[in-house]
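# Architecture at a glance
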Amino acid sequence: MKELCDIMLTIFCVATGCDYCNSLKGIGIKTAKNVVEEAFQQKKSKTSKLELVLDLLFKACYDKKSLSVEDKKRYTDNFIGALIM
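Residues numbered from 1 in each chain as written. Predicted model: local features only at pLDDT ≥ 70, side-chain atom pairs only at ≥ 80, totals over all residues. Heavy atoms only, no water.

### Things to note about the side chain of glutamate 37
The residue glutamate 37 is located in helix H2 (residues 29–41) in this model. Among the polar contacts listed, one links the side chain of glutamate 37 to the side chain of lysine 33, at a separation of 2.7 Å. (Helix = DSSP H or I, 4+ residues; strand = E, 2+ residues; numbered from the N terminus. Polar contact = N/O pair within 3.5 Å; in protein donor to acceptor, adjacent residues only side chain to side chain.)

### Remarks on the side chain of lysine 33
If you trace the backbone, lysine 33 turns up in helix H2. Judged by its relative accessible area of 14%, lysine 33 is buried. (Buried < 20%, exposed > 50% of the residue type's maximum accessible area, 1.4 Å probe, protein only.)

### Re H2
Counted at 1.5 Å a residue, the expected span for H2 with its 13 residues is 18 Å, and the 18 Å between its end C-alpha atoms agrees. Of all the residues in H2, the buried ones are Ala32, Lys33, Val35, Val36, Glu37, Ala39 and Phe40. In this structure, the buried residues of H2 make contact with helix H1 (6–15) and helix H3 (49–60). (Expected span 1.5 Å × (residues − 1). Contact = heavy atoms within 4.5 Å.)

Next up, the structure:
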């Protein structure tokens, strides 16, 4: 098991669900850890690590078809709000 830095651990915790941001369907501890590690391993990406994490979470979500653009924006806003807290 790879050790997570503070930033990765914080993002991981929010991805698994918290008071400020519910988790997406199918995103548990294992999937969230894999998503965070994958996003932070990508060295030469023009996309921010947070954007990569959110994109990978949406791709890993079991309920992709019910995630509208508005739902993704709401989840992203809640996710960022949770990180700020």
